[in-house]
Amino acid sequence: MVRSTCPYCGVGCQINLHIKDEVIYRVSAPFEAAPNYGMLCVKGRFGTDYTTHPARLRSPLIRVNTNEPRSAKAVWREASWDEALDLVADRLAGIVREHGGDSIATFACAKATNEENYLLQKLTRAVLGTNNVDHCSRLCHAGSVAGLQLAIGSSAMSNSIAEMEHLETFIVTGSNTTETHPVISNFLKRAVRQNGAKLVVIDPRKVEMTDFATLWLRQRSGTDVAVWQAMAHVVVKEGLYNKAFIEARTEGFSDYVESLESSTPEWAEEVSGVPAEDIRRAARMYATSEAAAVYWGMGISQSTHGTDNTLAITNLALLCGQVGRPGTGLNPLRGQNNVQGCSDSGGLPNVYTAYQRVDDDDIRASFAREWARPSLPPSPGLTVTELVDGALSGAIKAFYVMGEDPLTSEPNLAHARHALEELEFIVCQDIFMNSTLELADVILPSCSFAEKDGTFTNSDRWVQRVRRAIQPGGQSRPDWVIISDLALRLEDRLGLTPSAGWEYHHPGDIWEEMRRVTPDFRGITYDRIDREGGVHWPCPDIDHPGTPYLFSDDFPRGRGKFWTLEYGTESEQPDEEYPSSYRPVGCCTIGMAAR
Ligand code: SF4
């Protein structure tokens, strides 16, 4: 039996993999281990047989019909690892020499380990010489990330899963939690059933959580901002705001208050359909509670005004001082198992590990020292959507895609397909065939979570171990092995001085390097995770207990900023094709591919 972490969602449940003859024949949940304490949903319990599925990619593949347009049906032949990696290194090095590193883009992976994502961004920055690395969190929680960054300077979920069971008051909005984060929903339901917590659901759909709600505000689709603004209006008019918190920790209060003047509950009722009196009750419940938290999902962020939705929620939390204490906070529920860790590990175009900015000279110098490079690219790279546009315009010549499927996750698939068809070279590294792989020049078969070691970071920044339980299928290799091998071949072809690292014997070596360059990870070691089950980052030293909830003293941007918002829903109204009961199926709802 091998203890590991579920590969499906951001809850990060601990699982015991029972193995016989290199097959996972059973999955159980340890009762003593956080965050799930014996609970698993159907995905974690019964969904790991894909690891030995006959459709797994088992050997490197090279496209044969390269004289035909990329849109033609691909013809493949099997290749050895040496042949495939040499081809990839030759082609990428050629593109760097001819067009520069900024003509290449890499896609990090929200389902691969932290160590693998760290290595991919290191390859991108230290070897290819560009910051063009991004991943799917750009698409799913984009509105949450942008809004939280603007208001407080951090987009991490602020409070821990362990606090959920003891909540006093909480709001769930834009999240069908029982479907998308089943174990979290159990904790939230327990808070209501066992502790009498008050739950407000703000959602156009009758999701299961409404059965547990004290109050359900059923707004018309796309009218979230009006409801949240009206709640803030009530808090101000009834003097329920937290004066001490506002004075000590925020800015922009007076302009914000002025902007709320016309956002009356009666106006919001007209706009959203939610009775004005229910808006008042929800506002009073949230503002007068000793501790109140907000949890949200894709219903808030996957919207043309997702950033405004997030800012409206954050404004209310700042107004009431409901952040920086246990049982409070701003909590975007993460979708894929390691979407938090992929961002934390530097899989973003503007930051290295733990959000250290690439345009900060001192930080850049410290990474250059560790990677034995005279310099690193100083300007932020392009985002996923800009990379797709860049492929179409010709600015981007090659994609290196690790475990992502832009031709499923991009918002405009016809546009993305057209763009990818224009690329000179596409490399994909994955465990199964997918839409993007069908366009690739080279396919590199990688390992599933059960075939490798490493760490995942769950939704509440809890870093946990992934442990090898079965042998890799076919010739597949862990992503970290593939990237390290490719990096050495690329350095050779580009005439670069070999950078420090790349000859790792185990993902633990990579984590040690991540600790050296990341003050927030310094107190987290594999030994400590083995002993304690996991550690919440930030954890600056080995004696630090970790940080289950954030912002107790300040925000990363200093003071929390109130943003004045102008309500407008013209851009996204329900219509016949997408009525208000339409339920999106995306990477973070039920369509999550495992890895
Ligand atoms: Fe896995 Fe998420 Fe289900 Fe837990 S709740 S078993 S992490 S899919």
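Summary of the structure given here.

The rules behind these values
Residues numbered from 1 in each chain as written. Predicted model: local features only at pLDDT ≥ 70, side-chain atom pairs only at ≥ 80, totals over all residues. Heavy atoms only, no water. 1 Å grid on protein atoms, 1.4 Å probe; cavity = no way out; pocket = protein on both sides within 12 Å on 5 of 7 lines; lining within 4 Å. Points joined across faces, edges and corners; volume = space filled by probe spheres on them. Helix = DSSP H or I, 4+ residues; strand = E, 2+ residues; numbered from the N terminus. Pairing = 2+ DSSP bridges. Contact = heavy atoms within 4.5 Å. Axes fitted to C-alpha atoms, helices over the stretch in contact; angles between N-to-C directions. Near = heavy atom within 4 Å. Nonpolar A, V, L, I, M, F, W, Y, C, P; charged D, E, K, R; others polar. Core = buried A, V, L, I, M, F, W, Y, C linked by side-chain atoms within 4.5 Å. Buried < 20%, exposed > 50% of the residue type's maximum accessible area, 1.4 Å probe, protein only. Salt bridge = Lys/Arg side-chain N within 4 Å of Asp/Glu carboxyl O. Expected span 1.5 Å × (residues − 1). Phe/Tyr/Trp six-rings, centres within 6.5 Å; stacked < 30°, edge-to-face > 60°.

**Comments concerning the layout of surface pockets**
- When its volume is computed, the second largest pocket comes out at roughly 860 Å³.
- In terms of lining residues, the second largest pocket is bounded by 35 residues, among which Gln149, Gly153, Ser154, Ser155 and Tyr355 are the most central.
- Secondary structure elements with two or more residues in the lining of the second largest pocket: α4 (137-140) and α5 (142-151).

**Side note on the sheet that holds strand β7 (residues 133-134)**
- Strand order in the open sheet formed by seven strands is β5-β4-β16-β15-β14-β6-β7, with mixed pairing between adjacent strands. Sheet topology places β5 (76-78) and β7 at the edges, where each strand pairs with a single neighbour.
- By the bridge criterion, four bridges tie strand β15 (residues 425-430) to strand β16 (residues 442-445) in an arrangement that is parallel. Bridge pairing in β16 places Cys428 opposite Ile443.
- Set on the sheet, helix α3 (residues 114-128) makes contact with β6 (104-107), β7 and β14 (398-402); between it and β6 the angle comes to about 170°.

**Let's talk about the site of the ligand**
- As a structural note, the neighbourhood of the ligand is formed by Cys6, Tyr8, Cys9, Val11, Gly12, Cys13, Leu40, Cys41, Lys43, Gly44, Pro182 and Val183.
- Breaking the shell around the ligand down by element, the ones donating at least two residues are α1 (42-46) and α7 (182-195).
- Considering only residue class, the shell around the ligand consists of nine nonpolar, two polar and one charged.

**Regarding empty space enclosed by the protein**
- Evaluation of the coordinates by the stated rule reveals two cavities of 30 Å³ or more.
- As a volume, the largest cavity reaches approximately 70 Å³.
- Forming the walls of the largest cavity are Cys6, Cys9, Val11, Gly12, Cys13, Leu40, Cys41, Gly44, Pro182 and Val183.

**Side note on the nonpolar core**
- In this structure, Leu123, Tyr400, Leu444 and Leu490 are the most contacted members of the largest nonpolar core, which totals 57 residues.
- If one sorts the elements of this core by residue count, helix α2 (residues 81-99) sits on top with nine residues.
- Excluding its chain neighbours within four sequence positions, the residues that come into contact with Tyr400 are Val88, Leu92, Ala105, Thr106, Phe107, Leu120, Val427, Gln429, Leu444, Ile482 and Leu486.
- Within the second largest apolar cluster, 49 residues are counted, among which are Ile171, Ala232, Val274 and Leu316.

**Side note on the pattern of salt bridges**
- One pass over the full model with this rule turns up 35 salt bridges.
- A salt bridge links Glu32 to Arg3, with the nearest nitrogen and oxygen atoms 3.0 Å apart. Of this pair, Glu32 sits in the loop between β3 (23-28) and α1 while Arg3 sits in strand β1 (residues 2-5); the two residues are 29 residues apart in sequence, bridging distant segments of the chain.
- The salt bridge involving Asp278 is made with Arg281; its shortest N-O contact spans 3.9 Å. A residue pair is termed a helical-turn pair when its members lie 3 or 4 positions apart in one helix, as Asp278 and Arg281 do in helix α12 (residues 276-288) at three residues.
- The exposure class assigned to Asp278 is buried, which follows from its relative accessible area of 18%.
- Several salt bridges converge on common partners, so that one network encompasses Asp82, Asp86, Asp90, Arg477, Asp485, Arg489 and Arg493.

**Describing α7**
- Compared with the 20 Å implied by 1.5 Å per residue over 14 residues, the 19 Å span of α7 between its first and last C-alpha is a close match.
- Within the span of α7, buried status applies to Pro182, Val183, Ile184, Ser185, Phe187, Leu188, Lys189, Ala191 and Val192.
- Those residues of α7 hidden inside the fold are in contact with β8 (169-173), α6 (177-180), β9 (198-202) and β12 (292-296).

**So, the packing of aromatic side chains**
- Here the structure, examined in full by the defined rule, presents 15 aromatic pairs.
- Centroid distance Phe107 to Phe399: 4.8 Å. Interplanar angle 50°. Geometry classified as tilted. Placement of the pair is Phe107 in strand β6 and Phe399 in strand β14, with a sequence separation of 292 residues.
- Classification of Phe107 by relative accessible area gives buried; the value is 1%.
- Relative to Phe367, the ring of Tyr352 has its centre 4.1 Å away and its plane inclined at 15°; by these criteria the two rings are stacked. With Tyr352 in the loop between α15 (339-344) and α16 (361-370) and Phe367 in helix α16, the pair connects residues that are 15 residues apart, well separated along the chain.

**Topic: the sheet that holds strand β2 (residues 14-20)**
- Reading across from one edge, β1-β2-β3 is the order of the three strands in this open sheet, with antiparallel pairing throughout. Each of the sheet's edge strands pairs with one partner strand only, and the pair in question is β1 and β3. On average, each strand axis in the sheet is tilted by 40° relative to the strand beside it, whichever way the strands run.
- Pairing geometry for β1 and β2, over four bridges, is antiparallel. Following the sheet pairing, Thr5 is matched in β2 by Gln14.

**Topic: unusual backbone geometry**
- The residue after Ala34, namely Pro35, is reached through a cis peptide bond having omega 5°.
- By secondary structure assignment, the location of Pro35 is in the loop between β3 and α1.
- In this structure, Tyr355 takes a positive phi of about 65° despite not being glycine.
- Within the secondary structure layout, Tyr355 lies in the loop between α15 and α16.
- When its relative accessible area of 26% is taken as the criterion, Tyr355 is described as partly exposed.
- Phi is positive for Trp502, close to 80°, though the residue is something other than glycine.
- Of note, Trp502 is situated in the loop between α20 (479-494) and α21 (507-517).

The values reported here are purely geometric and, on their own, carry no functional implication.
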